[in-house]
Amino acid sequence: MKALPKSVAKFCPLIALLYSFAVIVLTAFINEKVTPVFLFFSIQAYLNWYSAYNISRCAAVMEIKAAAMKLMYNKVATNVEYKYWYCEKCLKYTCKPTQHCIFCRKCFHFRDHHCFFLGACILRQNIGNFILFCFYTSLTCMYSLCTLGPYLYENINSAVRTDTDSFNIFLNFCFPVALVKLLHSREKTFILLVTMFDVLVSLLCICMVYGTWKLHSCIAGKQRYANVSGKQSLRDIFGSYGILNIIFPYNGLAGTRDLNGKYELKEV
């Protein structure tokens, strides 16, 4: 049973990547072109996805030896006290606050959670990329729904011309109803398009709500990283590049910032 979550965590990023490619291809096929807006949203989602993954993969924890050397050579930090924590899985001492991830098989400073779809741990240093990924993914889903919705409605309406009830037409957009009709009466339900439409609606709602909640939690000081919380400014969340980092994830591609010289945000 323990191997099942690890298998899910291993294949979820691949499934998410393949599904995103399928959505882009289908949207471009129905729209018969790739608009600059849709291209921008898609590129931003992929760039922030890679940035969050890259930061998580390269993030390193400060071990006892590094902390001792820092206390020895840095006169300003002579009064700093480091609390240590021993990880039985990594078999080494690290500085608190540290948390081990069974999926990444390593320890992280200021860890929030492991995202199965990104295949990476969300930390204090890539939480901004994660929030931007959620927002740009929701915008991409919204654009695809605006393209796929009318196309699906036109085909479903032509398949059920005798049904003028708007509620029944609405039900044809639901995956369970379309699947039952397909298995029971062999009606033409466009099950693939209906499935993609429902998944896009779910992704839109989840990403928008979750991204907004994480952003509010960081600003309000309710965001907890390995049992440590504190208010964060927009500069702390999205980096020192300001609005430029929202347009292009410099911190994830060019290296993370080391805010206030703290070890939990070491450059990678």
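Above this text sits the structure in question.
Described in the following lines is the structure provided in the data block. (Residues numbered from 1 in each chain as written. Predicted model: local features only at pLDDT ≥ 70, side-chain atom pairs only at ≥ 80, totals over all residues. Heavy atoms only, no water.)

Applying the stated rule across the entire model yields eleven aromatic pairs. Ring centres of Tyr46 and Trp49 lie 6.4 Å apart, and the angle between their planes is 15 degrees; on these two criteria the pair is classed as stacked. Taken as a pair, Tyr46 and Trp49 lie in helix 2 (residues 36-58) at a separation of three residues, close to a single helical turn. Looking at Tyr46, the relative accessible area reads 26%, which means it is partly exposed. In this structure, Arg124 packs its charged tip against the face of Phe110, placed 5.7 Å from the ring centre. (Phe/Tyr/Trp six-rings, centres within 6.5 Å; stacked < 30°, edge-to-face > 60°. Helix = DSSP H or I, 4+ residues; strand = E, 2+ residues; numbered from the N terminus. Buried < 20%, exposed > 50% of the residue type's maximum accessible area, 1.4 Å probe, protein only. Lys NZ or Arg CZ within 6 Å of the ring centre and 35° of its normal.)

For the rest of this paragraph, the subject is the pattern of salt bridges. A complete count under the given rule lists one salt bridge for this structure. We note a salt bridge from Lys214 to Asp112, for which the minimum N-O separation is 2.8 Å. Note that Lys214 is positioned in helix 7 (residues 191-220) and Asp112 in strand 5 (residues 111-115), a separation of 102 residues in sequence. The exposure class of Asp112 is buried, given its relative accessible area of 18%. (Salt bridge = Lys/Arg side-chain N within 4 Å of Asp/Glu carboxyl O.)

With that out of the way, let us pick up a nonpolar patch on the surface. Residues Phe40, Tyr50, Tyr53, Tyr241, Ile243, Leu244, Ile247, Phe248, Tyr250 and Leu253 make up a contiguous nonpolar surface patch of roughly 900 Å² in combined accessible area. Put simply, the parts of the chain that give the nonpolar patch at least two residues each are helix 2, helix 9 (243-247) and helix 10 (250-253). Relative to the elements of secondary structure, Tyr250 occurs in helix 10. (Patch = residues over 30% accessible without salt bridge, like charges linked within 9 Å, V, L, I, M, F, W, Y side chains within 5 Å. Areas by Shrake-Rupley, 256 points an atom, 1.4 Å probe, with all protein chains shown as cover.)

Relative to the helices and strands, Asn48 resides in helix 2. Taking the relative accessible area as the measure of exposure, Asn48 reaches 0% and is therefore buried. Polar side-chain contacts of Asn48 include one of 2.8 Å to the backbone oxygen of Gln44. Contacts of Asn48, omitting those with residues within four sequence positions, involve Asn129, Leu132, Phe133, Tyr136 and Pro249. (Polar contact = N/O pair within 3.5 Å; in protein donor to acceptor, adjacent residues only side chain to side chain. Contact = heavy atoms within 4.5 Å.)

Although it is not a glycine, Glu32 adopts a positive phi angle of roughly 65 degrees. In this structure, Glu32 sits in the loop between helix 1 (3-31) and helix 2. Take Glu32: its relative accessible area is 73%, and that puts it in the exposed class.

Pairing of strand 1 (residues 84-87) with strand 2 (residues 92-95) involves four bridges; the strand directions are antiparallel. When the sheet's bridge partners are listed, Tyr84 is paired in strand 2 with Cys95. Remark: four residues form the turn of the hairpin made by strand 1 and strand 2, two consecutive strands paired antiparallel; Leu91 in that turn has positive phi of roughly 60 degrees. (Pairing = 2+ DSSP bridges.)

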